[in-house]
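What follows is each chain in one-letter form.
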Amino acid sequence: MDDVPLPYQVTQARDETADTVTLTLAPTGTGLLAPFTPGRYALVHALGVGTVPVPVSRIDRHEIALTIRSSDAVSAALCALRPGGRVGLRGPFGTGWELDRALGHDLLVVAAGLGPAPLRPLVLDVLAAPQLYGHLNVLVGARTPDDILYAQQTHAWSAAHGPPHCAVTVDRPGPGWEGPVGAVTALLDGARFAPRNTSAYVCGPAGTVRETARALLERGLPAERVRVALDSRDSHPDRETGRRDGTGPGDVLSRDGGPVAGWDEVESATPTGRTGT
């Protein structure tokens, strides 16, 4: 992996919510980043502004998609880009979801906040080869109906009979919302899975990750089959090296320079009371 950012160009910019944009990027020269796998991320250089780590939200041959929420000067500059805009990319960084360890398993994908972004490539990979897995469950939580990422795709999955089994809940329903209200963990009751033969993938704010992991263990999932990550609001590797300094609860999820870890690793490496604070 080269330390010099490679030039990429925006080929599509899609507004997901009022403050979140998905950029599709393609290389502009002969240089290509090494292939990404679901759960890994790039360091994105907004030219003349700065750098931010962003997980890939779609992988399509030489193109990748990045879903970015405007939360500081760098992410705001990236969200303002339109087709033809340029960025620099480095990567891939991180450990990934390691979907190959889940062959033959039922799958639970639990995402809240920005969590659907790094989990979407995993779901798309499973849907492309459903014969390799058991039941696929996608459970999504958002603050309001307007904050649901990939709303059109998510609602289509929810309305269909599957696969996947998809359910969405919100914290604050708006006019016309007829779906569930409350914590995403409540959706586990409607999911179809055999706990001892299930792999789970959880991404969201630290508190949601903690509560979901504990709920899954209570239902009989082994801790080593619950892989977790923090969404980008809680996960900030060093913007130049892609690594952390190991000082915060999210750093346990980045021991190899990436945001994903097994819950057994998190429990064994996190002092009591640190997880999810």
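What comes next is a walk through the structure. The model shown is predicted, which means the values in this text are computed figures rather than measured ones.

1. Comments concerning the side chain of Thr212
Move 1: Within the fold, Thr212 resides in helix α4 (residues 206-218).
Move 2: Setting aside residues no more than four positions away along its own chain, Thr212 makes contact with Val110, Val184, Thr185 and Val202.

2. Quick word on α4
Move 1: Here α4 is 13 residues long and its end C-alpha atoms lie 18 Å apart, about the 18 Å a rise of 1.5 Å per residue gives.
Move 2: Along α4, the residues classified as buried are Ala206, Val209, Arg210, Thr212, Ala213, Ala215 and Leu216.

3. Here we look at the nonpolar core
Among soluble globular proteins, nonpolar side chains are generally buried collectively.
Move 1: In this structure, Trp97, Leu99, Leu107, Leu122, Val138 and Tyr201 are the most contacted members of the largest nonpolar core, which totals 25 residues.
Move 2: In contact with Leu99, other than residues within four places in its own chain, are Leu107, Leu122, Asp125, Val126, Tyr133 and Tyr201.
Move 3: Core analysis: the second largest hydrophobic core is formed by 24 residues, Val110, Ala167, Trp263 and Val266 among them.

4. So, the sheet that holds strand β4 (residues 50-60)
Move 1: Spatially, 6 strands are ordered β1-β2-β5-β4-β3-β6 in a closed barrel, and the strand pairing comes out antiparallel. Averaged over all adjacent pairs, the angle separating strand axes in this sheet is 45°, with direction ignored.
Move 2: Sheet topology places strand β2 (residues 20-27) next to strand β5 (residues 63-69); 6 bridges connect them, and they run antiparallel. The residue of β5 that forms the bridge with Leu23 is Leu66.

5. Describing the side chain of Thr20
Move 1: The residue Thr20 is located in strand β2 in this model.
Move 2: Relative accessible area serves as the criterion here: at 0%, Thr20 is assigned to the buried category.
Move 3: Of the polar contacts made by the side chain of Thr20, one reaches the side chain of Thr17; its length is 3.1 Å.
Move 4: Within the local environment of Thr20, its side chain forms a polar contact with the side chain of Arg69, the two groups lying 3.0 Å apart.
Move 5: Setting aside chain neighbours within four positions, we find Thr20 in contact with Arg14, Asp15, Thr67, Ile68, Arg69, Leu114 and Leu149.

6. Regarding the packing of aromatic side chains
Move 1: Under the criterion given, the structure shown has 2 aromatic pairs.
Move 2: Geometrically, the ring pair formed by Tyr41 and Phe93 is stacked, given 5.7 Å between the ring centres and 25° between the ring planes. Of the two residues, Tyr41 is situated in strand β3 (residues 41-46) and Phe93 in strand β6 (residues 86-93); the sequence distance between them amounts to 52 residues.
Move 3: Residue classification places Phe93 among the buried positions, given a relative accessible area of 8%.
Move 4: When the ring of Trp97 is compared with that of Tyr201, the centres are 5.9 Å apart and the planes differ by 90°; the resulting orientation is edge-to-face. Remark: Tyr201 occurs in strand β10 (residues 198-204) and Trp97 occurs in the loop between β6 and β7 (106-112); sequence separation between them is 104 residues. For the pair formed by Trp97 and Tyr201, the shared burial category is buried.
Move 5: Between the NZ or CZ atom of Arg120 and the centre of the ring of Tyr150, over which it lies, the distance is 4.0 Å.

7. What about the sheet that holds β10?
Move 1: Here we have 6 strands laid out as an open sheet, ordered β9-β8-β7-β10-β11-β12, and mixed in their pairing. Strands with a single pairing partner mark the edges of an open sheet, and in this sheet they are β9 (165-170) and β12 (261-262).
Move 2: Bridge analysis of β7 against β10 gives 6 bridges, and the strand direction is parallel. By the bridge assignment for β10, Asp106 is matched with Thr198.
Move 3: Along the sheet face, helix α3 (residues 151-159) touches β8 (136-142) and β9 and points at about 120° away from the line of β9.

8. Digging into the pairing of β5
Move 1: The buried fraction of β5 is high, at 6 of 7 residues.
Move 2: Joining the antiparallel neighbours β4 and β5 is a turn of 2 residues, in which Arg61 adopts a positive phi near 55°.

9. A short note on the environment of Ala223
Move 1: By the secondary structure assignment, Ala223 is in the loop between α4 and β11 (226-230).
Move 2: Residues Ala223 and Asp264 lie 41 residues apart in sequence; the distance between their C-alpha atoms is 5.0 Å.
Move 3: Excluding its chain neighbours within four sequence positions, the residues that come into contact with Ala223 are Leu217, Gly262, Trp263, Asp264 and Glu267.

10. Thoughts on the pattern of salt bridges
Move 1: Summed over the entire model, instances satisfying the criterion amount to 10 salt bridges.
Move 2: With a shortest N-O distance of 2.8 Å, Arg219 and Asp189 are connected by a salt bridge. Placement of Arg219 in the loop between α4 and β11 and of Asp189 in the loop between β9 and β10 is noted, with a sequence separation of 30 residues between them.
Move 3: For Glu211, the salt bridge is made with Arg210, and the minimal N-O distance between the two is 2.9 Å.

Cut-off values and rules
Residues numbered from 1 in each chain as written. Predicted model: local features only at pLDDT ≥ 70, side-chain atom pairs only at ≥ 80, totals over all residues. Heavy atoms only, no water. Helix = DSSP H or I, 4+ residues; strand = E, 2+ residues; numbered from the N terminus. Contact = heavy atoms within 4.5 Å. Expected span 1.5 Å × (residues − 1). Buried < 20%, exposed > 50% of the residue type's maximum accessible area, 1.4 Å probe, protein only. Core = buried A, V, L, I, M, F, W, Y, C linked by side-chain atoms within 4.5 Å. Pairing = 2+ DSSP bridges. Axes fitted to C-alpha atoms, helices over the stretch in contact; angles between N-to-C directions. Polar contact = N/O pair within 3.5 Å; in protein donor to acceptor, adjacent residues only side chain to side chain. Phe/Tyr/Trp six-rings, centres within 6.5 Å; stacked < 30°, edge-to-face > 60°. Lys NZ or Arg CZ within 6 Å of the ring centre and 35° of its normal. Salt bridge = Lys/Arg side-chain N within 4 Å of Asp/Glu carboxyl O.

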